[in-house]
Amino acid sequence: MAQQGIEMVRYADDFVILCRSEAEAQQALALVQQWTAQAGLTLHPEKTRIVAATQHGGFDFLGYHFERGYKWPRKKSLKKFKDKLRVLTKRNNGQSLEVIIARVNTVTRGWFGYFKHSHYTTFPRLDKWLRMRLRSLLRKRRKRRGRARLPDNQRWPNAFFAAQGLFSLVTAQGAASSILSEVTHQPESRMREIRTSGSEGGGAKPIVSPYPYLQSAKQLTVTSTVLDNARA
């Protein structure tokens, strides 16, 4: 594909091809269809499509949703994340708040480690939703029914959960952005030093997006999944 001048981002059998025009996207799709046919493979009929990356709609890839130059967790990723936290924060959970928060932090830290490149608006509403779950749990222990309400926000403010050690996605995103900004503005000589020391296992490694190509100013994207005819 590279010999044809096609810019592809691939992981296993999922891939995205970045193009600058619809004609280029159609040409790229035709080349991929030809290549897969020769290899005895088939493009997934529902997942293969040409997308205008600068318009509403976008596309999903490796857990992220990409649209209009931004990215955030796709709906399926968010649902899976919330489902894990729902299990840990049920109102009838009899464990101590300390234990619950420790287990919740394990999930949120791991999730943030992968999705920290999301648009910053992703994190405040998730923090708010999680605190609501914990307030509802504490409300239940006071023999009150239903979800947390405004008085519960005052009884257990955000600072209360911070003091209990609750991992904050907003705080973590701010810290990650600060580090990225510092690395981005390092002089070129310093950047070479960081890259060299990082490659040898010493010193700090530069923090970069795992999807540099997807941040390019491309107009159209071909997104697809390859199916193995032998397994179909």
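Presented here is an overview of the structure given in this document. Not measured: the values here are computed from a predicted model. (Residues numbered from 1 in each chain as written. Predicted model: local features only at pLDDT ≥ 70, side-chain atom pairs only at ≥ 80, totals over all residues. Heavy atoms only, no water.)

**Considering the packing of helix 2 (residues 75-88) against helix 3 (residues 97-115)**
Thought 1: Remark: helix 2 packs on helix 3, axes separated minimally by 9 Å, with the N-to-C direction vectors making an angle of 170°. With respect to their mutual orientation, helix 2 and helix 3 come out roughly antiparallel. In contact with Ser77, Leu78, Phe81, Lys84, Leu85 and Leu88 of helix 2, helix 3 contributes Ile100, Arg103, Val104, Val107, Thr108, Trp111 and Phe115.
Thought 2: Looking at the contact of helix 2 with helix 3 residue by residue, the classes come out as nine nonpolar, two polar and two charged. (Axes fitted to C-alpha atoms, helices over the stretch in contact; angles between N-to-C directions. Helix = DSSP H or I, 4+ residues; strand = E, 2+ residues; numbered from the N terminus. Parallel < 35°, antiparallel > 145°, perpendicular 65-115°, else oblique. Contact = heavy atoms within 4.5 Å. Nonpolar A, V, L, I, M, F, W, Y, C, P; charged D, E, K, R; others polar.)

**Looking at the sheet that holds strand 6 (residues 64-67)**
Thought 1: Spatial ordering of the open sheet is given by 5-6-7, a layout of three strands whose pairing is antiparallel. Of all strands in the sheet, those with a lone pairing partner are strand 5 (59-61) and strand 7 (70-73), marking the two edges. Adjacent strand axes in the sheet meet at a mean angle of 30°, parallel and antiparallel pairs treated alike.
Thought 2: Where strand 5 meets strand 6, three bridges bridge the pair, whose relative direction is antiparallel. If you follow Phe59 over to strand 6, its bridge partner there is Phe66. (Pairing = 2+ DSSP bridges.)

**Focus: the nonpolar core**
Thought 1: Counting 32 residues, the largest nonpolar core has Trp111, Leu166 and Leu169 as the members making the most contacts within it.
Thought 2: Where this core is concerned, the elements lending two or more residues are strand 2 (14-19), strand 5, strand 6, helix 2, helix 3, helix 4 (122-141) and helix 7 (169-184).
Thought 3: Sort the elements by how many residues they give to this core and helix 4 lands first, with eight residues.
Thought 4: Core analysis: the next-biggest nonpolar cluster, separate from the first, contains nine residues, Cys19, Ala25, Val32 and Leu43 among them. (Core = buried A, V, L, I, M, F, W, Y, C linked by side-chain atoms within 4.5 Å. Buried < 20%, exposed > 50% of the residue type's maximum accessible area, 1.4 Å probe, protein only.)

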